[in-house]
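# Coordinate analysis (summary)
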Amino acid sequence: MEAIKKIDIFHSPSYDVAEPTNIGGGLSLTAIIFCAFCFFSEIGNYRQGKIKEMVYLENEVGGKSLVPVYMDITINDLKCEHVTLDIQDGHGRYLIDEHASGDKKTEKDEKTPEVEKKDTDDGGCQFQGYIHVRHMKGNFHFTPRGAHHHPNTTIAHKITALRFGDELGDNGDDEDVRSDTFIFNTLAMEDKNSFEGETHDYLVKLVRTELYDEDLNDHSYPYQYTYTHRHFVGHHNGKPLPPRIFFRLDFSPLTMKFTKVHDSFLVFISRHLALIGGTFAVLKMFYNGAHAAKEAKFQ
């Protein structure tokens, strides 16, 4: 046993010469408060997780997948019988008067539209629900029909909501994503007046966004978008055209990925043990330095 004592590098001090001091007590209290503050503040971050970001190029042939589009758009000046919602894309797809109807037939590879149109109390027509567009350049547009298919028609409108892709689910509750929710619904609350024969043209640039939660193994794919707007009176062979509202879609080949990750509990505990040990070691170093300076002063 005596041989083992000779290699002891952790000498135990004699407690009869140890004396508590006010400075030592103050430093100890400071260390405890600091460590408790760090611990409880990090618990929230540990439970919430953190977001990792990356950008990658889609390995998908354009036009094969269908993108859901949720809309809540009101045409102020036309009743539903006088306006239609049409869809067109680069594969030759051209659908006229898309809205939910039990007797409407669709192509074998198309999805039945879920958008409904209904007359408003102010004499307009509200389109609300989902349509599906191909992941490629194309457009959907609102066109006056029947007796209103002439250049003297006005087509003022209000866009309450226009979203592309999946709805924001639990992943969307993350503050980093939720703080910029408007980028998924940029055209919300647009209210456009219109002159006779004036066409409105929206160029919409879309970027697919992948939201992934590692714990839930849950993926969702909403689309961020920006837009530019122009309005003009269209002409063909020198004659004015009836007004329309175009939404021209341009999909980016890039995808932005946001991954929600959590540190393991072992990493969380190890980090805080290191924090506690480091805090007391640093304060002990300052205390010893102050004590040595005090002793030197009185010698």
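Residues numbered from 1 in each chain as written. Predicted model: local features only at pLDDT ≥ 70, side-chain atom pairs only at ≥ 80, totals over all residues. Heavy atoms only, no water.

Moving on, we get to the overall build of the protein. Broken down by element type, the protein carries four helices and 15 strands. Taken across its 299 residues, the protein has 35% of its residues classed as buried. Within the protein, counting contacts between residues at least 6 apart in sequence, those at least 24 apart form 79% of the total. (Helix = DSSP H or I, 4+ residues; strand = E, 2+ residues; numbered from the N terminus. Buried < 20%, exposed > 50% of the residue type's maximum accessible area, 1.4 Å probe, protein only. Contact = heavy atoms within 4.5 Å.)

Let us look at unusual backbone geometry. Positive phi outside glycine occurs at Met-189, with the angle close to 70°. Mapped onto the elements of the fold, Met-189 is located in the loop between helix H3 (175-178) and strand E9 (190-192). Phi angles above zero are rare outside glycine, and Asn-237 is one such case at about 55°. Looking at the element boundaries, Asn-237 is found in the loop between strand E13 (235-236) and strand E14 (239-240). Residue class for Asn-237 comes out exposed when judged on its relative accessible area of 68%.

The pairing of strands in a sheet comes from backbone hydrogen bonds and takes either a parallel or an antiparallel form. If you walk across this open sheet you meet the five strands as E5-E6-E2-E8-E9, and the pairing is antiparallel. The open sheet has two free edges, formed respectively by strand E5 (116-119) and E9, since each of these has just one partner strand. Geometrically, the sheet is characterised by an average inter-axis angle of 20° between neighbouring strands, direction not taken into account. Here four bridges tie E5 to strand E6 (residues 125-134), and the two strands are oriented antiparallel to one another. Paired with Asp-119 across the strands is Cys-125, a residue of E6. (Pairing = 2+ DSSP bridges. Axes fitted to C-alpha atoms, helices over the stretch in contact; angles between N-to-C directions.)

If you walk through the whole model with that rule in mind, you get eight aromatic pairs. Look at Phe-127 and Phe-142: their rings are 4.9 Å apart centre to centre, the planes differ by 65°, and that puts the pair in the edge-to-face class. Placement of the pair is Phe-127 in strand E6 and Phe-142 in strand E7 (residues 138-144), with a sequence separation of 15 residues. Exposure class is identical for Phe-127 and Phe-142. Each is buried. Put simply, the rings of Phe-127, Phe-140, Phe-142, Tyr-202, Tyr-227 and Phe-247 pair up and form one aromatic cluster. Over the ring of Phe-246 we find Arg-248, and its NZ or CZ is 4.3 Å from the ring centre. (Phe/Tyr/Trp six-rings, centres within 6.5 Å; stacked < 30°, edge-to-face > 60°. Lys NZ or Arg CZ within 6 Å of the ring centre and 35° of its normal.)

With that settled, consider the pairing of strand E2 (residues 66-75). A large share of E2 lies buried, amounting to eight of its 10 residues. Strand direction decides the pairing type here: E2 and E6, joined by 10 bridges, are antiparallel. In the sheet register, Val-67 faces E6, and the bridge partner there is Val-133.

A word on the environment of Ser-65. Structurally, the position occupied by Ser-65 is in the loop between strand E1 (50-57) and E2. In the structure, Ser-65 is positioned 68 residues away from Val-133 in sequence and 8.5 Å away in space, judged by C-alpha atoms.

A complete count under the given rule lists nine salt bridges for this structure. For the salt bridge of Arg-93 with Asp-89, the shortest nitrogen-to-oxygen distance reads 3.9 Å. We note that Arg-93, like Asp-89, is buried. The partner of Arg-163 in a salt bridge is Glu-167, and the shortest N-O contact between them spans 2.9 Å. With relative accessibility at 23%, the residue Arg-163 sits in the partly exposed group. Linked through salt bridges whose partners overlap, the residues forming this network are Asp-89, Arg-93 and Arg-134. (Salt bridge = Lys/Arg side-chain N within 4 Å of Asp/Glu carboxyl O.)

What follows is about empty space enclosed by the protein. Here the structure, examined in full by the defined rule, presents two cavities of 30 Å³ or more. In this structure, the largest cavity occupies an estimated 50 Å³ of space. Lining the largest cavity, in full, are Ile-87, Gln-88, Asp-89, Arg-93, Val-133, Arg-134, Met-136, Lys-137, Gly-138, Asn-139 and Leu-249. Elements with a contribution of two residues or more to the lining of the largest cavity: strand E3 (83-89), E6 and E7. With three residues, the single largest contributor to the lining of the largest cavity is E3. The residue makeup of the lining of the largest cavity, split by class, is four nonpolar, three polar and four charged. (1 Å grid on protein atoms, 1.4 Å probe; cavity = no way out; pocket = protein on both sides within 12 Å on 5 of 7 lines; lining within 4 Å. Points joined across faces, edges and corners; volume = space filled by probe spheres on them. Nonpolar A, V, L, I, M, F, W, Y, C, P; charged D, E, K, R; others polar.)

Consecutive residues of a regular strand have side chains that alternate between opposite faces of the sheet. Of all 17 residues in strand E15 (residues 245-261), 12 are buried, a share of seventy percent or more. Strand direction decides the pairing type here: E1 and E15, joined by eight bridges, are antiparallel. Opposite Val-55, over in E15, you have Met-256 as the bridge partner. Where E7 meets E15, five bridges bridge the pair, whose relative direction is antiparallel. When the sheet's bridge partners are listed, His-141 is paired in E15 with Phe-246. As defined by bridge partners, strand E10 (residues 198-213) adjoins E15 across 13 bridges and the pair is classed as parallel. Its bridge partner being in E15, Tyr-202 is matched across the sheet by Phe-247.

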